[in-house]
Amino acid sequence: MDNMKIIKFSAEWCGPCRVYKPVFDKWAGTLTDIDVKSVDVEKDNELAIKYGVRSIPLTVAVNGDKVHRLEGRKSKKELDDWLSDIM
């Protein structure tokens, strides 16, 4: 999708975030037409506030004015299913 972007919010000290990182990174590498970004909530607090991050890891898909949230660490299949549901 041309306008869609996906943002993964996490922090270095977060155990579940460290487990999720390689799964997310591998999955994100397959997305050729979507802008993907990883954000450390401690380093980019303004963006975390903008998207109302209350727990991490949090994956957010933004398409125009629509925001889709996926909380917690997920498997590749769960990420694929989530993306299919919102597209």
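Here the structure is a predicted model, which means the values were calculated and not measured.

How each quantity is defined
Residues numbered from 1 in each chain as written. Predicted model: local features only at pLDDT ≥ 70, side-chain atom pairs only at ≥ 80, totals over all residues. Heavy atoms only, no water. Helix = DSSP H or I, 4+ residues; strand = E, 2+ residues; numbered from the N terminus. Expected span 1.5 Å × (residues − 1). Buried < 20%, exposed > 50% of the residue type's maximum accessible area, 1.4 Å probe, protein only. Contact = heavy atoms within 4.5 Å. Pairing = 2+ DSSP bridges. Axes fitted to C-alpha atoms, helices over the stretch in contact; angles between N-to-C directions. Salt bridge = Lys/Arg side-chain N within 4 Å of Asp/Glu carboxyl O.

Chemist: Give me the lowdown on helix H1 (residues 15-28), citing residues and values where you can.
Modeler: End to end, H1 covers 20 Å across 14 residues, agreeing with the expected 20 Å (1.5 Å per residue, within 8%). Looking only at H1, the buried set comprises Cys17, Tyr20, Phe24, Trp27 and Ala28. Next to the buried residues of H1 lie strand S1 (5-10), strand S2 (35-40), strand S3 (58-63) and helix H3 (76-86).

Chemist: Describe the sheet that holds S3, naming the residues involved and giving the relevant values.
Modeler: The strand order across the open sheet formed by four strands is S2-S1-S3-S4, and the pairing between neighbours is mixed. Only two strands of the sheet have a single partner each, and these edge strands are S2 and strand S4 (66-71). On average, each strand axis in the sheet is tilted by 20° relative to the strand beside it, whichever way the strands run. Summarising the sheet, S1 and S3 pair through five bridges and their orientation is antiparallel. Its bridge partner being in S3, Phe9 is matched across the sheet by Leu58. In the packing of H1 onto the sheet, contacts are made with S1, S2 and S3, and the angle to S1 comes to roughly 165°.

Chemist: Please provide a residue-by-residue account of the pattern of salt bridges, values included.
Modeler: All chains considered together, the criterion is met by four salt bridges. Between Asp25 and Lys21 there is a salt bridge whose closest N-O contact spans 2.5 Å. Residue Asp25 and its partner Lys21 are both found in helix H1; the two are separated by four residues, about one turn of the helix. Given the relative accessible area of 43%, Lys21 is considered partly exposed.

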